[in-house]
Each structure stands twice: as structure tokens, then as C-alpha cells.
2 protein chains.
Amino acid sequence: MLNFKTKTASKITRLSIRQIDYWDRTHFIKPSVHEASGYGSMRLYSFNDLVQLKLAKTLLDKGVSLQKIRKAIIYLRKNMSEVKKPLLEIRFLTDGETIFVLTKNQKKIIDTLKSGQLVFSIALGEIVENLKGEVLTIQRERRYDVEVKGKKYSVILYADTDSDGYRMKCFSIHGCTSRGDSVEEAIEKIKEEIAKHLYYPKPAISKGGKQ
Amino acid sequence: MLNFKTKTASKITRLSIRQIDYWDRTHFIKPSVHEASGYGSMRLYSFNDLVQLKLAKTLLDKGVSLQKIRKAIIYLRKNMSEVKKPLLEIRFLTDGETIFVLTKNQKKIIDTLKSGQLVFSIALGEIVENLKGEVLTIQRERRYDVEVKGKKYSVILYADTDSDGYRMKCFSIHGCTSRGDSVEEAIEKIKEEIAKHLYYPKPAISKGGKQ
DNA sequence: CATTATAAATACATTAATGTATTTATAAAT
DNA sequence: ATTTATAAATACATTAATGTATTTATAATG
């Protein structure tokens, strides 16, 4: 079960941290896993929350007012306990003024104020798939602790931007990196690199006075 | 020399009317052809103004704050008296935090607050070309007066959404429309249609009491 | 030309979103 | 375990943008 802190949710949905903050405070989209509880506490959003955030952002980008978007999200929330396949076939149509929801068996108008020409179609399934991809990308950047000669080293794993593999970098040993086609391979390689450094340490680069 | 009223500028740039209004009032992007001068007056924007509006919108969509965008627009305004070819090679790079301007001979940082990864490239030339296309599309919808049997009829010309032609509709004669591959053809055809209607008038559709 | 209808700006208020300093939970270092 | 550093929420203020009623210029009609 994946949970996301505010910063990660911001990265994934391309909403600003402050906007997500504002939306929580105004009871629009709240972190369903763990609510904010004071300075330094941590909100935790579920994948379903991300879907809501992203749908809201998408509608906002199409010029729909926040008040109308609130209604769309309420509809979505009422009709989904979990993003299951049938719900992936929901499609939202909007021209910036009107929001329609198209499902398999009915067409529902969420909010109508002025008649207008429908120009945008937003498929919930596409939002979900796109978010899954984003989550995968973010997941690829994570920290591992590897053990070499009885000692633990902190390394970071991230996606190799030039190919489909993975890169690793050791925090405490400058210049100690590895690459692999899989996570496991990159881990093995970074271990070897760390071991090499233990045999032939390179001169540490001074960071100035701060030691 | 093309001038645009606020509503048209809004359509072309995809900014809201209120946002354009706010930007004028806050002395961000003012209508250079004719300024607002009271209730019911009319702002008139030049094509150059549209370029500024669209650049601002584009940067805004990339997450750049309005204050920083103001600086970019000031730079653009200082360096262009008219959107000429050399200036079309300007490119703005931004990650939402920093704005770079790349020109042929120099790289200039407009605003730097935090280092970040540059991810978006916005070519002024592309903005201009896109706006020209939008202007052409909007221009296609316009009013003409045609003369049939010594009498003038108001008709509207608009783009045919199903093909590359033009459609015309006569305001005062219900059901009187025409289509042509060119504007001239559509005009000839609507004249013929109007003449037919004069010979065989169809029953006018009552509009209720209002006559 | 006069009257009516419509479009556009204005005035004022409200909502939406962001900036910034501060507090405190959480992570990292020792 | 304790201390330090960092991240995240909060408090408060400000900017950005929008809503809505009103005024008046402009367009349309007779």
C-alpha cells in the first residue's frame, strides 16, 4: 500500500505544495491516510487521493472553477471506494463551464451554469494510468543501505536518464557510483565499488571549514 | 494593422477576460492601442500585446510566479519594438523557478532564486506562429454586409468545422445559409440563397410576443 | 436620429493561491 | 541516547484571480 507525503504528491501531480496545503485546509481533498496534526507533522495521501488531486488539476487547467471541481470530486468520491476497473471508464467532459460525467449507463451533469461547446474529454482511466507511471518513476529514486565489510553505507538509487537502467550513488564516498540494468545489479556493483574504495581510498575532497 | 478587443484577446490567448482585466489594472500588460477609459469603453490590444499575454500565460502554466513573469515581459518589451525576425530566435528556459533568456549572442538570467533543473523551453518564435494561426482562425469568423436587389443583409462568416471551407448565415432570414471553399464563393452562394428566399419566402418563425 | 439591446469596463467583495517567518515532528549525525 | 539538521505544517499576511452588480460606451434596430 503506497502512501505519499505532501512533497511527493506535489511532484507526482504537478500541484504546488501550497496548493495541496490550501486544499486540505479548505476541506477539499484531505490526506486520507494520515491528516496533518500540527507543526512538523506529516500528511499522508493514498493513491486514490492522488487520483482526486490530479483530476482536480486537470479540470482546473481546462478553466473549470474550483467550486465546480469540488462537485466533480464529491461525485467521484461517492462513487468510488477503490479505483476499480468499471470506474476507469468514467469520462469527464468539459468546456470550462459545464462538467458532464459519462459512465457506461448514464450521462450525468454535475454542474451547469451556461451552455457552451464541449471541447475537453478527460478519461479517469488515463489519469490513473498516468499517475501509475509517475509513481513508478518516483519510486525509482530511493535510498538503500548496503553493507560492505560489516559496515553500512547509505546509497541512493535513481533512474538512469540515458537508458532504462538504474544508477546508484554512495553518499559518504565521493565519486562512488554504479550502474545496472536492474536494481539488484546496481546494488551488487555499488558494493563492489565501495569495497574498491576501502582498498584504495581516494583523497577526500575538503568541504572547507565545516567538518 | 490588427487590433483586438479584450474578448477576442481572451479567446486567442486562452486567458480569462478577468485575468486580462486584472493584468491591465495592475500595470502588467496594458492594451497598447487603446486603453480602458471608463464603463463601456473598450481596450484595444495589438499583436505585440498578444505575444506578451501568451508568453506570460505559457510561463504561468509552467509554474513561474507572476512577479518573475513580470520581469520576463519587461525584458521582452525593452528588446522588441516590433516582433522582428531576430527576436523570433529568443528562447526562454524555465523550471518554474528560474528564467533564462537565450538569444543568439548571450545568455541572460532574468530571475534566479533557487537552483533547479531546467525542464521547459519556450521559443518566442513558436508563440508568435501559434498566435498568427489563432488570429487567422478568429478572423475567419466575421460579419459581412451583402447586397441583394438593392437591399443590404447582414451575414456572418465562420469556419466550417467539418472541412476547410467557410459557412455563412444570414441574420434576418432564418435557415438561409451557404457554404463555399473560399470566402468569395460563400458570399456568392449566400447571395443566391437570399435571392431565392426573396422569391419564395418561407414562413417566418414566430419569436413569441417580442416583435 | 432616437431608442433599445448588448458589450465592456468598473467597483467592490470574495475566493484562490502564494510568500514568509515560526514552530515542531522527523531524520540524520554523533 | 542525545544533539543537530532538515522537513513539514502552521500562522498570518499578501498577491492573484474571480464573482457579481452597476455604469456607460457601442452596436443594433426602427
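All figures in this text were calculated on a predicted structure; none of them were measured in a lab. (Residues numbered from 1 in each chain as written. Chains lettered and ligands numbered in written order. Predicted model: local features only at pLDDT ≥ 70, side-chain atom pairs only at ≥ 80, totals over all residues. Heavy atoms only, no water.)

Asker: Would you mind showing me how to read the packing of aromatic side chains here?
Answerer: In this description, an aromatic ring pair is defined by two values, namely the gap between the centres and the angle between the planes. Residue and element names in this part refer to chain A. If you walk through the whole model with that rule in mind, you get 2 aromatic pairs over all chains. Measuring from ring centre to ring centre gives 5.0 Å for W23 and F28, while their planes differ by 80°; the resulting arrangement is edge-to-face. Using a relative accessible area of 4% as the deciding quantity, one classes F28 as buried. (Phe/Tyr/Trp six-rings, centres within 6.5 Å; stacked < 30°, edge-to-face > 60°. Buried < 20%, exposed > 50% of the residue type's maximum accessible area, 1.4 Å probe, protein only.)

Asker: Before we go on, may I ask you to explain the pattern of salt bridges in this structure?
Answerer: Residue and element names in this part refer to chain B. Throughout the structure, instances matching the rule amount to 16 salt bridges over all chains. The salt bridge involving D21 is made with R43; its shortest N-O contact spans 2.8 Å. Of this pair, D21 sits in helix α2 (residues 17-25) while R43 sits in the loop between α2 and α3 (47-61); the two residues are 22 residues apart in sequence, bridging distant segments of the chain. We note that D21, like R43, is buried. Across the salt bridge formed by D61 and K57, the nearest N and O atoms sit 3.4 Å from each other. Taken together, the residues D61 and K57, both in helix α3 and 4 residues apart, mark about one turn of the helix. (Salt bridge = Lys/Arg side-chain N within 4 Å of Asp/Glu carboxyl O. Helix = DSSP H or I, 4+ residues; strand = E, 2+ residues; numbered from the N terminus.)

Asker: Honestly, the protein's contact with DNA strand D in this entry has me stumped. Any pointers?
Answerer: With respect to spatial proximity, 27 residues lie near DNA strand D, and among them T6 of chain A together with S16, R18, Y39 and Q67 of chain B are the closest. At 3.1 Å, a backbone N or O of R43 of chain A approaches a phosphate oxygen of DNA strand D. A distance of 3.3 Å separates a phosphate oxygen of DNA strand D from a polar side-chain atom of Y22 of chain B. For the surface near DNA strand D, the secondary structure elements donating two or more residues are α1 (6-13) and α2 (17-25) of chain A together with α2 and α4 (66-79) of chain B. When residues of the surface near DNA strand D are assigned to their parent elements, the largest contribution, 4 residues, is made by α2 of chain B. (Near = heavy atom within 4 Å. Polar contact = N/O pair within 3.5 Å; in protein donor to acceptor, adjacent residues only side chain to side chain.)

Asker: Honestly, the protein's contact with DNA strand C in this entry has me stumped. Any pointers?
Answerer: Neighbouring DNA strand C are 27 residues, the closest being S16, R18, Y39 and Q67 of chain A together with T6 of chain B. For DNA strand C, the fraction of protein-proximal atoms (within 4 Å) that sit in sugar or phosphate groups is 67%. At a separation of 3.2 Å, a sugar or linking oxygen of DNA strand C approaches a polar backbone atom of Y39 of chain A. Separating a phosphate oxygen of DNA strand C from a side-chain N or O atom of R25 of chain B is a distance of 3.1 Å. Elements with a minimum of two residues in the surface near DNA strand C: α2 and α4 (66-79) of chain A together with α1 (6-13) and α2 of chain B. Here the surface near DNA strand C takes 4 residues from α2 of chain A, the largest share from any one element. Residue composition of the surface near DNA strand C, grouped by class: 8 nonpolar, 11 polar and 8 charged. (Nonpolar A, V, L, I, M, F, W, Y, C, P; charged D, E, K, R; others polar.)

Asker: Is there a simple way to think about the environment of E188 of chain A in this case?
Answerer: Tracing the chain through its elements places E188 of chain A in helix α6 (residues 183-199). The sequence separation of E188 of chain A and S178 of chain A amounts to 10 residues, and the corresponding C-alpha distance is 8.8 Å.

Asker: Would you mind going over α4 of chain B with me for this structure?
Answerer: Helical geometry note: an α-helix holds 3.6 residues per turn, so side chains three or four residues apart project in the same direction. Across its 14 residues, α4 of chain B extends 20 Å between first and last C-alpha, which sits within 8% of the 20 Å expected from 1.5 Å per residue. Considered for burial, the residues of α4 of chain B that qualify are K68, I69, R70, A72, I73, Y75 and L76 of chain B. (Expected span 1.5 Å × (residues − 1).)

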